[in-house]
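Results of the structural survey
These are the residues of each chain, in order.
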Amino acid sequence: MYYIGVDGGGTKTTFTMIDKKGYKIAQYKTKTTHYEQIGFTGVEDVLNEGFNKILEISNVSKDDIQSVF
């Protein structure tokens, strides 16, 4: 099982995947998720992009993700 933490901000958004022991598996940084800058549709796009990219980088299946927070 793996977990993905999302740190969204006004300048960038960081996605970090860890395993059940807390070891960092992968990290991906992309643009802002600030809704006043990119709108709610833009936020959704960034979150989808980041989620898919971190799965690609780590070679982990979405079925193996326990939670995203």
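Further up the page is the structure itself.
These lines cover the structure that appears in this document, whether it is placed above or below. (Residues numbered from 1 in each chain as written. Predicted model: local features only at pLDDT ≥ 70, side-chain atom pairs only at ≥ 80, totals over all residues. Heavy atoms only, no water.)

Turning our attention to the packing of aromatic side chains. Tallied over the full model, the rule gives one aromatic pair. An angle of 5° between the planes, with centres 5.0 Å apart, marks the rings of tyrosine 35 and phenylalanine 40 as stacked. Among the residues examined, phenylalanine 40 registers a relative accessible area of 63% and is labelled exposed. (Phe/Tyr/Trp six-rings, centres within 6.5 Å; stacked < 30°, edge-to-face > 60°. Buried < 20%, exposed > 50% of the residue type's maximum accessible area, 1.4 Å probe, protein only.)

Let us now look at the pattern of salt bridges. Enumeration according to the criterion identifies one salt bridge in this entry. Among the ionic pairs, lysine 53 bridges to glutamate 56, the shortest N-O distance being 3.5 Å. Residue lysine 53 and its partner glutamate 56 are located together in helix α1 (residues 35-58), separated by three residues, close to a single helical turn. Its relative accessible area of 29% is what places lysine 53 among the partly exposed residues. On the accessibility criterion, glutamate 56 (56% relative accessible area) is exposed. (Salt bridge = Lys/Arg side-chain N within 4 Å of Asp/Glu carboxyl O. Helix = DSSP H or I, 4+ residues; strand = E, 2+ residues; numbered from the N terminus.)

Scope: geometric values only; no functional claims are made or implied.
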